[in-house]
Structure formats: structure tokens, C-alpha cells
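Each chain is listed here by its residues.
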Amino acid sequence: MRPVSYIHLLLLLLLTASVTAQNIVPNPGFQDVNICTEYQAPCSPSAWQAVAPHISKLIYKDENRQRFIMLTMQSRINPALRTYCQTQLLCPLKKGASYKIRLFTMSNKDQPPFTDIRFDTALIYRNSTNCLDIPPDLQLRQADVAGARENWTILEKTFTAGKDASCIIIGNFNKHSPPIKDEHYLYLDSITITPLDGKMCADADTVRKALYAFHKRHSVYVDAVPGDILHFLPPQAVFQRSGRCDTLLLKNDFFIPRTRNINSTYQDQLRKTMKVDRDEVHNKIFLTGYAHLSSNKKYNEIIATDRANEVAKYFVYNEGFSFDDFIITGKDGYSPDGDSAELVMMVSCQPAPEITPPVIRTDTLLIPDLLFRFNSSELNIRQHVSLDSLVNRIPSGDSVTITVTGHTDDAGTSEYNQELSLRRATTVADYIRSRKPGAHITQIIGMGESMPVSDNVYAEGRRKNRRVEIVIFYPPERKR
């Protein structure tokens with residue numbers, strides 16, 4: 001990739017100046033950069049975030065004082081991997097209103113410099129870097145090429161908003177992209193969206209200031225109960241908290257480089273984040289290491305197991321746990337959610353504490369095993385009609401809360417079943433969000449084989465045990 005020239009910089013500045021007054025995209029040229037509170041260092045363009053912030057940091061480049069960002073459109077190693085950038089618009093799109101979008105793009109090698117755009121009512125956060133299973137609103141392709149500057153392609157399109165929307169998400173939404181030999185990266189710069197009527201909303205500056213003031217850029221979004229402030233957790237710790245289940249991803253910097261020893265800087269964070277006391281442990285805690293840097297599979301498994309053992313030792317020698325509380329394994333390869341980092345995954349699913357909530361009505365929807373591909377968390381596209389009929393029974397709006405829990409039979413190892421159940425629950429939750437953008441999902445849980453509803457001796461019983469349960473909680477004031 002050729003460096004950005006000063007001529008290109010001047011052209012971009014002139015272009016930006018001509019549309020700044022009407023542009024509803026904050027920090028369109030990525031010139032302003034955040035100081036992240038997690039790292040106390042510049043880390044991301046102001047106002048912009050990644051869809052999976054705990055896995056894929058939003059990468060920005062800085063060449064000749066010209067900043068732009070880079071997205072992974074597809075990975076050679078993991079064809080499903082995607083990274084997305086997103087931000088809240090300064091002024092929301094109004095259904096039926098007309099706009100013009102214009103942006104500079106550039107790809108590596110011979111890959112096409114095109115991208116997809118989705119407009120939504122809220123920012124999207126998820127627990128994996130797999131392709132978003134929702135359709136884009138715009139696809140910028142060859143017909144939208146409006147010119148070129150140096151190595152950059154200028155894409156431009158006039159469109160009519162099909163819905164009210166307050167956020168923009170950019171990346172590759174094509175789930176079935178053909179295999180590639182090399183990584184496909186896309187570079188973005190100077191993104192503008194201008195209303196054709198030339199009108200800006202009154203609170204654009206207020207929105208910009210609020211977006212620039214947000215500095216927790218790589219932490220994990222956690223659903224809060226209605227009325228609560230949204231919580232963000234440390235980047236090395238929880239990526240899924242769901243009431244009865246805690247899942248932690250302990251990545252490379254959690255350990256001292258080239259050793260299996262835990263970095264003392266993070267020990268206190270580990271103790272505070274894993275909020276399970278020894279007396280509360282009724283089910284086994286899974287510790288699974290993942291390593292893949294060596295070509296020797298056995299070596300990777302040993303390293304991964306050693307690191308998982310070190311985490312167990314910390315809890316045994318510092319927090320009063322027993323080695324019997326853990327199931328420890330090491331694996332050669334990547335973690336189930338597609339994270340390319342070497343890590344230790346810690347999963348603890350314990351019975352929920354007994355509470356006496358107000359009496360409310362609940363509905364339970366069962367997603368049977370046949371709606372998934374065999375032994376996979378991927379949905380069976382032939383059964384989408386059946387799945388839609390179930391999802392359509394979830395009331396719209398935020399008056400109800402939802403939990404999604406995955407279950408399996410007892411075939412295979414307990415560890416694998418727990419992973420599969422969590423991945424299936426996450427897939428269903430993502431599908432609900434794609435069909436019901438306002439759905440308030442408070443828990444995503446993987447219970448593995450621990451809660452059967454039938455005997456696992458016969459095929460019919462095992463089939464019933466392989467399920468995902470969607471529980472809908474109605475507030476007390478809601479009438480039937």
C-alpha cells in the first residue's frame with residue numbers, strides 16, 4: 001500500500017471542509033483519536049467503535065499525518081471472520097428522507113474496494129468476530145465508483161432511508177464470500193452522509209461531544225436491567241455475564257510473555273471479576289487453554305493445558321478452591337468464538353441464587369435441535385420459517401425482558417457440550433436481535449448437558465434435551 005501523499009491530504013481536507021456543515025457522521029476522517037481509559041494511551045478514532053471490542057480493536061493507521069481505519073473483510077484462516085466499525089450519527093436518519101453517502105476506500109492487493117452499510121437503531125455489540133447475520137441497507141459496488149485519488153477509490157451513492165435509524169455499521173455482511181488465498185483488508189477514510197435538504201438537527205453538537213467523551217473503547221458491553229446504566233468490564237476479563245454463567249477470556253497479556261505464569265498485574269482483576277465464591281460452586285468450572293503458534297499439535301496442547309492449570313492454581317492457592325472444582329484441558333487451535341489470540345477460556349455455570357422476585361407471567365419458547373445444522377451452532381437455513389414463527393411471538397418494544405439458554409444431550413465431553421450450548425444460545429440471541437432490534441436480552445446462558453428434560457438413554461430423549469429455551473418475562477403491570 002502506497003503512503004498517503006500531501007496532495008491527497010490537501011484534497012481530503014478540502015473535500016471535508018466543503019461538507020462539514022451538513023455531514024451527520026462524527027469524526028468522518030478519523031483525525032481525532034481517543035485516549036482509552038483502559039490503556040491510558042491513544043487507541044481508536046473518537047466516536048467510532050468495533051462491533052466485538054473485546055476481540056477486534058478498531059485499527060487505525062497514521063501515515064504522513066493522515067489517519068484512516070482498516071477492517072478485515074475476510075480472513076484466509078477463518079473465512080467467517082469479519083470486523084466492523086460503527087458509530088452513532090449526529091442526526092438520525094428519517095424514513096423517506098434522501099441522503100448522499102460518500103467515502104474513500106482502498107483494498108490490499110487485488111481485492112475489491114467495496115463495502116456494505118447498515119443503519120440501525122442502536123450500536124451492535126456481540127461476542128464473536130463472525131459475520132453479522134443481518135442484511136445491509138446499502139451495498140457500495142462498482143456502479144457507485146465516483147472517481148479516484150492516488151490509490152483511493154471514491155464511492156458515492158444517493159439513497160432514500162427505508163427506516164428511522166441513529167447508527168451506522170460498516171463492513172462485509174456477505175456470509176458466503178468465496179474462499180480467498182490472502183487476507184482481505186479494506187481501508188476507509190472521509191465518510192460523509194449529507195441530507196439532500198441541507199438541514200442539520202439542533203442537537204448535533206451535543207451528540208458529538210457525548211461521543212467524543214466516551215473513552216472505554218475495548219471493554220465489553222453487558223446488558224443492564226431496565227433503567228440501569230450500561231456497564232463496561234475490563235478488556236482481559238468477562239465477555240459474557242449471564243446470571244448463572246460467567247465466561248472469561250484470559251488472553252496473551254494475562255500471562256508473562258513466553259511463560260505460563262500469570263502476570264501479577266491482572267491477578268487482582270481476576271479475583272474481582274470472577275464473582276463466584278468457593279461455597280457457591282456446585283457445578284464443575286471449565287478451564288480450557290487454546291494455543292496454535294507451533295506447528296506441533298502436541299506441543300500446543302501442552303502449553304495450553306499448562307496455562308489453564310496456572311489459572312486453577314491461582315484459585316486453589318489464593319481463593320480456597322479445590323482442584324476437584326475444575327475440568328482442565330488444553331487444545332490445539334482457536335477458541336470457539338473465532339478469537340485468533342492464544343487464551344484460556346474459563347466457564348462457570350452455577351445455580352442462580354434463590355430470590356423472591358415479584359410474581360410475573362412468563363412464556364417459554366423452545367428452539368429444537370432440528371433448527372440447527374448437525375452438531376453445529378449454525379442455523380439450518382431451511383428451517384428459518386419455523387424459527388421466524390417462534391421469534392415473531394416475542395413482543396416488540398422494551399416492556400419485556402428475555403433470557404436465552406442453550407442445552408445439549410450427554411453425547412461427547414461435558415466441556416464440548418457446554419461450549420456448543422453457549423454458542424447455540426448466542427446464535428439464537430443474535431437472530432432475535434436481527435428480527436427484533438429492540439429486544440432486551442438480559443441473559444445468554446450455556447448449560448451444556450446439566451439440565452436434561454428427558455432420559456439420554458434413547459434417541460427421542462436425547463433429541464428433546466438438545467434445545468435452546470427463550471424465556472419471556474412480562475412486567476407485573478402487563479395484562480394478559
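Before reading on, note that the structure itself is shown above.
All of these numbers come straight from a predicted model, not from anything done at the bench.

(A) Structural view of the sheet that holds strand S3 (residues 49-50). The strand order across the open sheet formed by five strands is S3-S6-S12-S8-S9, and the pairing between neighbours is antiparallel. At either margin of the open sheet sits one strand with a lone partner, and together these are S3 and strand S9 (138-140). In this structure, strand S8 (residues 115-120) lies alongside strand S12 (residues 165-171), joined through five bridges in antiparallel fashion. Across the sheet, the residue bridging to isoleucine 117 is isoleucine 170, located in S12.

(B) Examining unusual backbone geometry more closely. Even without a glycine there, the phi angle at alanine 47 is positive, about 80°. Here alanine 47 shows up in the loop between strand S2 (41-45) and S3. Under the relative-accessibility criterion, alanine 47 is labelled buried at 6%. Even without a glycine there, the phi angle at serine 190 is positive, about 50°.

(C) Main features of the pairing of strand S5 (residues 66-74). Among the nine residues that make up S5, eight are buried, leaving the element largely enclosed by the rest of the structure. Strand direction decides the pairing type here: S5 and strand S13 (residues 184-195), joined by five bridges, are antiparallel. Looking at the pairing, isoleucine 69 lines up with leucine 188 of S13.

(D) Focus on the pattern of salt bridges. Evaluated as defined, the whole model comprises 15 salt bridges. Across the pair lysine 100 and glutamate 156 runs a salt bridge whose closest N-O atoms are separated by 3.8 Å. Of this pair, lysine 100 sits in strand S7 (residues 98-107) while glutamate 156 sits in strand S11 (residues 152-160), and the two are 56 residues apart along the sequence. We classify lysine 100 as partly exposed; its relative accessible area is 30%. For glutamate 156, a relative accessible area of 25% puts it in the partly exposed group. Taking the shortest distance from any N to any O, the salt bridge between arginine 424 and aspartate 369 comes out at 2.8 Å. Placement of arginine 424 in helix H6 (residues 414-435) and of aspartate 369 in the loop between strand S21 (362-368) and helix H5 (384-391) is noted, with a sequence separation of 55 residues between them. For aspartate 369, a relative accessible area of 18% gives the class buried.

So, how was this worked out
- Residues numbered from 1 in each chain as written.
- Predicted model: local features only at pLDDT ≥ 70, side-chain atom pairs only at ≥ 80, totals over all residues.
- Heavy atoms only, no water.
- Pairing = 2+ DSSP bridges.
- Helix = DSSP H or I, 4+ residues; strand = E, 2+ residues; numbered from the N terminus.
- Buried < 20%, exposed > 50% of the residue type's maximum accessible area, 1.4 Å probe, protein only.
- Salt bridge = Lys/Arg side-chain N within 4 Å of Asp/Glu carboxyl O.

Everything listed here is a matter of coordinates, which is why it stays silent on function.
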